[in-house]
Amino acid sequence: MADFKESMGVLRQIKEDAFEKCRPIQATFELTPRCGLNCKMCYVHLHTEQIPKCGRGRELTAEEWIEQGRQAQKAGVFSLCITGGDPLFHPEFEKIWKELSRMGFRITLQTNAYSITEKMEQLFYEYPPQEAKITLYGSNNNVYREVCGVENGFTKVDEGIRKLRNLKIPIQLVTTFVKQNIEDRDNILKYAITNRYRWNYSTSCYPSLRGADTNARECALSVYDLGCSEEASKEWNEKPFIKKDRKPCEYCAIYRTGYHITWDGYMRFCLFLDEPKIDILKHSFEENWKELQDYSESLCWPEKCYTCPVQEKCRKCIASLACNNGGIGKVNEDYCGNVLRLLEIDKMYN
């Protein structure tokens, strides 16, 4: 326990130092929008034939990703998350994974474990990630059919998880709850507890700003009609979240210490957003990092938010606000009306 506390203290000190100096220590490489699943709520998933119609029109090549790894390493990044889509679906995933692993990053593999073939199993035996963060959408094949649009989904995912576990790779399960799997929550929890996996869950499910061939509005859970509105209303009223003197970027976990690179080669501070379009292939890492920080610091809430009487109680981040209102700087009457109605519920019961 003492060693764990000491390690956490060191990591905290590293992050505080990075924040103070505004230098990156964490990064996410989103290798591809491809995936073996067809989840209804995904903000990034594209089918192969759709890729040429979005963004740059192509995924970064292995060599381009490897070069990004070199630049990250030189900049001081030590924690690297490899994600997608499902990153395993990048045509050159094996080459990318091997080279990035050799650079000494603390790598987290983020996957749905649906496509852990024997070849991938061997690759992760030779080059294991520090951790595998696995999205788990249900405890049986029926739920996977409803959420992910595939047959035998849970069976394949469970097999993939077990393969990674047999390699002694630490596993963390992550679940996004939507209308199609919320009734399965107790069974998902039981699966995690029985197998002694760490488990986090979220109801964050936003309409895509990035051209994904999905529709989150059809399946997203809403705090306004979940049956927990009274509890949420009390929380929002009693514990104001937004401070008038804080900028939107300050609510982001990687503010001043990290960045993401999209599958088509743009540096951003949030993968939910479709901007800024900082093209990593045109300028140096230092120029891109500075542009990202300048962009982040320049961000403001929509003008209407600054005169709203409930601005501090409205639970939002710049991404959730943008996705639910059609872009950064936008806010519509329906959204604001829902917030006001939610806040009024607490007064009705007290």
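Everything numeric here is computed off the predicted structure, so don't read it as measured data. (Residues numbered from 1 in each chain as written. Predicted model: local features only at pLDDT ≥ 70, side-chain atom pairs only at ≥ 80, totals over all residues. Heavy atoms only, no water.)

**Observations regarding the environment of cysteine 305**
And step 1. One can find cysteine 305 in the loop between helix 9 (285–298) and helix 10 (318–325).
And step 2. Residue cysteine 305 is classed as buried on the basis of its relative accessible area, which comes to 12%.
And step 3. For the pair cysteine 305 and aspartate 186, spaced 119 residues apart in sequence, the C-alpha to C-alpha distance is 38 Å.
And step 4. Not counting the four nearest positions on each side in its chain, cysteine 305 is found in contact with Gln311, Lys316 and Leu321. (Helix = DSSP H or I, 4+ residues; strand = E, 2+ residues; numbered from the N terminus. Buried < 20%, exposed > 50% of the residue type's maximum accessible area, 1.4 Å probe, protein only. Contact = heavy atoms within 4.5 Å.)

**Comments concerning the environment of cysteine 252**
And step 1. Looking at the secondary structure, you find cysteine 252 in the loop between helix 8 (229–238) and strand 7 (258–261).
And step 2. The sequence separation of cysteine 252 and lysine 282 amounts to 30 residues, and the corresponding C-alpha distance is 26 Å.

**Looking at the nonpolar core**
And step 1. Among the nonpolar cores identified, the biggest contains 93 residues, and Phe29, Phe93, Phe124, Ile161, Leu173 and Tyr259 are the most heavily contacted of them.
And step 2. Setting aside anything within four residues of it in sequence, one finds phenylalanine 93 in contact with Leu31, Ile82, Pro87, Leu88, Leu109, Met120, Leu123 and Phe124.
And step 3. With five residues, the next largest nonpolar core counts Val44, Ile51, Cys54 and Trp263 among its residues. (Core = buried A, V, L, I, M, F, W, Y, C linked by side-chain atoms within 4.5 Å.)

**Quick word on helix 3 (residues 93–102)**
Along an α-helix, residues three or four apart share an orientation, since each turn contains 3.6 residues.
And step 1. Every buried residue of helix 3 is listed here: Phe93, Ile96, Trp97, Leu100 and Ser101. Summarising the axial view, the buried residues of helix 3 lie within an arc of 120°, below the 170-degree limit, and thus occupy one face.
And step 2. In this structure, the buried residues of helix 3 make contact with strand 1 (26–30), helix 2 (62–75), strand 2 (79–83), strand 3 (106–111) and helix 4 (118–126).
And step 3. Count one or two residues on from helix 3 and you reach glycine 104, which has phi positive near 90°. (Arc of directions from axis to C-beta.)

**As for the packing of helix 3 against helix 4**
And step 1. Taken N-terminus to C-terminus, the directions of helix 3 and helix 4 make an angle of 10°; their axes are 11 Å apart at the nearest point. With respect to helix 4, the axis of helix 3 lies roughly parallel. Each of Phe93, Glu94, Trp97 and Lys98 in helix 3 lies in contact with helix 4, whose residues at this interface are Lys119, Met120, Leu123 and Phe124.
And step 2. Residues belonging to the contact of helix 3 with helix 4 are distributed by class as follows: five nonpolar, no polar and three charged. (Axes fitted to C-alpha atoms, helices over the stretch in contact; angles between N-to-C directions. Parallel < 35°, antiparallel > 145°, perpendicular 65-115°, else oblique. Nonpolar A, V, L, I, M, F, W, Y, C, P; charged D, E, K, R; others polar.)

**Overview of the pattern of salt bridges**
And step 1. If you walk through the whole model with that rule in mind, you get 20 salt bridges.
And step 2. A salt bridge links arginine 246 to glutamate 250; its shortest N-O distance comes to 3.6 Å.
And step 3. Residue class for arginine 246 comes out partly exposed when judged on its relative accessible area of 31%.
And step 4. The salt bridge partner of lysine 290 is aspartate 294, with a shortest N-O separation of 2.8 Å. (Salt bridge = Lys/Arg side-chain N within 4 Å of Asp/Glu carboxyl O.)

**Quick notes on the side chain of threonine 111**
And step 1. With respect to the element layout, threonine 111 can be found in strand 3.
And step 2. On the basis of relative accessible area, threonine 111 is assigned to the buried category, the value being 2%.
And step 3. One polar contact links threonine 111 to aspartate 86, side chain to side chain, over a distance of 3.0 Å.
And step 4. Threonine 111 has contacts with Asp86, Leu88, Lys133, Ile134 and Thr135, leaving out every residue within four places of it along the chain. (Polar contact = N/O pair within 3.5 Å; in protein donor to acceptor, adjacent residues only side chain to side chain.)

**Side note on the sheet that holds strand 9 (residues 278–279)**
Through backbone hydrogen bonds, the strands of a sheet pair up, either in parallel or in antiparallel fashion.
And step 1. The nine strands lie next to each other as 6-5-4-3-2-1-7-8-9, forming an open sheet whose pairing is mixed. A strand with exactly one partner marks an edge of an open sheet, and here the two such strands are strand 6 (198–202) and strand 9.
And step 2. Of the strands in this sheet, strand 1, strand 2 and strand 3 are in contact with helix 3, which crosses strand 3 at around 155°. (Pairing = 2+ DSSP bridges.)

**Structural notes on the pairing of strand 5 (residues 171–176)**
And step 1. In terms of burial, strand 5 is a largely internal element, five of the six residues being buried.
And step 2. Two elements, strand 4 (residues 131–135) and strand 5, share four bridges in a ladder whose sense is parallel. Bridging across to strand 5, threonine 135 finds its partner in valine 174.
And step 3. For strand 5 and strand 6, the ladder comprises five bridges, and the chain directions are parallel. Each residue of the ladder has a partner; that of leucine 173, found in strand 6, is tryptophan 199.

**Considering the packing of aromatic side chains**
And step 1. Summed over all chains, the structure comprises 19 aromatic pairs.
And step 2. Centre to centre, the rings of tryptophan 199 and tyrosine 201 are 5.3 Å apart; their planes meet at 35°, and the pair counts as tilted.
And step 3. Tyrosine 201 sits in the exposed class, given a relative accessible area of 55%.
And step 4. Ring pairs connect the aromatic residues Tyr137, Tyr144, Phe154, Tyr191 and Tyr197, which therefore count as one cluster.
And step 5. The ring centre of tyrosine 266 lies 5.0 Å from the NZ or CZ of arginine 56, which sits over that ring.
And step 6. The ring of tryptophan 301 carries lysine 316 above its face, with NZ or CZ at 4.8 Å from the centroid. (Phe/Tyr/Trp six-rings, centres within 6.5 Å; stacked < 30°, edge-to-face > 60°. Lys NZ or Arg CZ within 6 Å of the ring centre and 35° of its normal.)

**A few points about the environment of tryptophan 301**
And step 1. As for its placement among the helices and strands, tryptophan 301 is situated in the loop between helix 9 and helix 10.
And step 2. On a C-alpha basis, the gap between tryptophan 301 and alanine 322 in space is 9.7 Å, while along the polypeptide they are 21 residues apart.
And step 3. Each residue touching tryptophan 301, except ones within four places of it in the same chain, is listed here: Ile242, Arg246, Pro248, Tyr251, Tyr306, Lys316, Cys317, Ile318 and Leu321.

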